[in-house]
Amino acid sequence: MKESNQGLSVQHLLGIKDLKRNDIDLILQQADLFKEVLSRPIKKVPSLRDVTVANLFFENSTRTRLSFELAEKRLSADVVNFSASGSSVKKGETLVDTVNNILAMKVDMVVMRHSAPGACVFLQRHIGASIINAGDGTHEHPTQALLDAYSIREKLGSVEGKKVVIVGDITHSRVALSNIYCLQKLGAEVMVCGPTTLIPKHIQSLGVKVEHNLRKALEWCDVANMLRIQLERQDESVRYFPSLREYTMQYGLDKKLLDSLPKKIVVMHPGPINRGVEITSDVADSDQSIILEQVENGVAVRMAVIYLLAQSRLHKH
Ligand code: NCD
């Protein structure tokens, strides 16, 4: 396989905010090469034979966890898995415990999902391993944004100049923030759309447009990324909208609305989908939806991230 001689500017993937445009381009190009590998009858390369990766999941996850594990195995890495239920553990204790576990296991790379924003930054200060953030609370979810950008580029030829609207619970979504950074760095225009209560007050300072009317937002965009309402992260004492039904009526995407738009937009969703809430089944399963492509591309993109971080680690030592 062809190798690039220029590496990433970072040792860890804590968030898209830390990446340069060049880093993102490099990851997407490397993902192209791995996507080709994944289409072969033997989908495995020996690139990471001497590398041990620990997957530490303190929050529930299905696709992200499977996707990372598959990516690591396709690269021939040794993999150890650790999970804890997020609700009962205290932040400080858990992370200190984690540090000690990792030090004892002598792992080279850690993939971590945690409910506390900044958990990976904390970990990075205490251990020598490379760290990949697989989602830290409401903060960032960098590999999701990278696979989203990859999927847009694959479908539309490029991300540069495209108009992308992110719809729904922007306040509690880590996918939204990472997507905003990533799409902007790649030269796309970004809009967020949702009820006022689910959009952070000063979000315009990030350079995004804000639109509360879904139809107007969809008429503007080339791509709509529909987010799940993050009920598990919302403050239970606050009512963000009158009822789920009301939310769906105003911000749900159904086939009638999709078909009434002036152009054929691309529909995305990071999963898990709540069918009938933010998106109807016929939209999720339509030919305008690239939801399953996103999942497929997730493996190649994560392979690229792991591979490139392992390379930059090698060059450091
Ligand atoms: C997202 C997450 O966990 O942040 N899901 C994912 O990683 N595939 C989005 C979500 O949970 O709604």
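Residues numbered from 1 in each chain as written. Predicted model: local features only at pLDDT ≥ 70, side-chain atom pairs only at ≥ 80, totals over all residues. Heavy atoms only, no water.

According to the domain assignment, the protein chain contains domain 1 (16–140 + 297–316) and domain 2 (142–295). Averaged C-alpha coordinates put domain 1 and domain 2 at centres separated by 25 Å. Across the contact, 31 residues belong to domain 1 and 29 residues belong to domain 2. Summed over both partners, the interface of domain 1 with domain 2 comes to about 2600 Å²; 58% of that surface belongs to carbon and sulfur atoms. When the buried area of domain 1 at its contact with domain 2 is split by residue, Ile16, Arg63 and Asn297 rank highest and sum to 25% of it. At the boundary of domain 1 with domain 2, the tally comes to 5 salt bridges. For the salt bridge of aspartate 32 with arginine 153, the shortest nitrogen-to-oxygen distance reads 2.7 Å. Counting the contacts that link domain 1 with domain 2 gives 18 residue pairs in polar contact (both at pLDDT 80 or more). At the level of elements, α1 (21–38), α2 (63–74), β3 (109–114), β4 (130–136) and α11 (291–316) are the ones that each hand at least two residues to the side of domain 1 that touches domain 2. By residue number, the principal contributor to the side of domain 1 that touches domain 2 is α1, which donates 9 residues. (Domains from an automatic or database assignment. Contact = heavy atoms within 4.5 Å. Buried area = accessible area lost by both parts, 1.4 Å probe. Salt bridge = Lys/Arg side-chain N within 4 Å of Asp/Glu carboxyl O. Polar contact = N/O pair within 3.5 Å; in protein donor to acceptor, adjacent residues only side chain to side chain. Helix = DSSP H or I, 4+ residues; strand = E, 2+ residues; numbered from the N terminus.)

With that out of the way, let us pick up the nonpolar core. Counting residues in each nonpolar core, the largest one holds 65 residues, and the members touching the most others are Ile27, Phe34, Ile132 and Leu146. No other element matches the 11 residues that α11 contributes to this core. Taken domain by domain, this core gets at least three of its residues from each of domain 1 (16–140 + 297–316) and domain 2 (142–295). Contact partners of isoleucine 27, with chain neighbours within four places excluded, come to Leu8, Leu19, Leu146, Val301, Ala304, Val305 and Leu308. Counting residues in each nonpolar core, the second largest holds 28 residues, with Val165, Met226, Val277 and Ile279 among its members. (Core = buried A, V, L, I, M, F, W, Y, C linked by side-chain atoms within 4.5 Å. Buried < 20%, exposed > 50% of the residue type's maximum accessible area, 1.4 Å probe, protein only.)

Let us look at the site of the ligand. With respect to spatial proximity, the complete set of residues near the ligand consists of Arg63, Thr64, Arg113, His141, Gln144, Arg174, Val175, Arg228, Gln230, Pro270, Gly271 and Pro272. Glutamine 230 is positioned with one of its side-chain polar atoms (N or O) 2.7 Å from an oxygen atom of the ligand. For the ligand, the protein covers 95% of the area, taking 320 Å² as the surface of the free molecule. Listing elements by their share of the shell around the ligand, those giving two or more residues are α2 and α6 (174–185). Grouping the constituent residues of the shell around the ligand by class yields 3 nonpolar, 5 polar and 4 charged. When residues of the shell around the ligand are sorted by domain, at least three fall in each of domain 1 (16–140 + 297–316) and domain 2 (142–295). (Near = heavy atom within 4 Å. Areas by Shrake-Rupley, 256 points an atom, 1.4 Å probe, with all protein chains shown as cover. Nonpolar A, V, L, I, M, F, W, Y, C, P; charged D, E, K, R; others polar.)

Read from one edge of the open sheet, 4 strands run β2-β1-β3-β4, paired in parallel fashion. Only two strands of the sheet have a single partner each, and these edge strands are β2 (78–83) and β4. Put simply, the sheet's adjacent strands are angled 15° from each other on average, direction ignored. On the sheet, helix α4 (residues 119–126) packs against β3 and β4 and is oriented at approximately 165° with respect to β4. (Pairing = 2+ DSSP bridges. Axes fitted to C-alpha atoms, helices over the stretch in contact; angles between N-to-C directions.)

Moving on to the sheet that holds strand β7 (residues 209–211). With parallel pairing, 5 strands are arranged side by side in an open sheet as β7-β6-β5-β8-β9. Looking at which strands have only one partner, the edges of the open sheet turn out to be β7 and β9 (266–268). Averaged over all neighbouring strand pairs, the angle between strand axes comes to 25°, with direction disregarded. Helix α5 (residues 142–156) rests against β5 (163–167), β8 (223–226) and β9 of the sheet, and its axis sits at about 160° to β9.

With the rule as written, the count across this model stands at 4 aromatic pairs. Residues phenylalanine 241 and tyrosine 247 carry aromatic rings whose centres are separated by 5.2 Å and whose planes lie at 40° to one another, so their mutual orientation is tilted. On the accessibility criterion, phenylalanine 241 (14% relative accessible area) is buried. Every member of this aromatic cluster is reached through a ring pair, and the members are Phe241, Tyr247 and Tyr251. Above the face of the phenylalanine 68 ring, arginine 302 is positioned so that its terminal group lies 4.8 Å from the ring centre. (Phe/Tyr/Trp six-rings, centres within 6.5 Å; stacked < 30°, edge-to-face > 60°. Lys NZ or Arg CZ within 6 Å of the ring centre and 35° of its normal.)

On to the state of the cysteines, then. Counting across every chain of the model gives 0 disulfides. Among the cysteines around cysteine 120, which has no disulfide bond, cysteine 182 carries the closest sulfur, lying 17 Å off. (Disulfide = S-S within 2.5 Å.)

On to the pattern of salt bridges. Across all of its chains, the model carries 17 salt bridges by this definition. Of the charged contacts, one joins aspartate 25 and arginine 21 as a salt bridge, the two residues approaching to 3.2 Å between their closest N and O atoms. In this pair, aspartate 25 and arginine 21 are both assigned in helix α1, 4 residues apart and thus about one turn of the helix distant. Ionic pairing is found between glutamate 232 and arginine 228, a salt bridge with its closest N-O pair at 2.8 Å.

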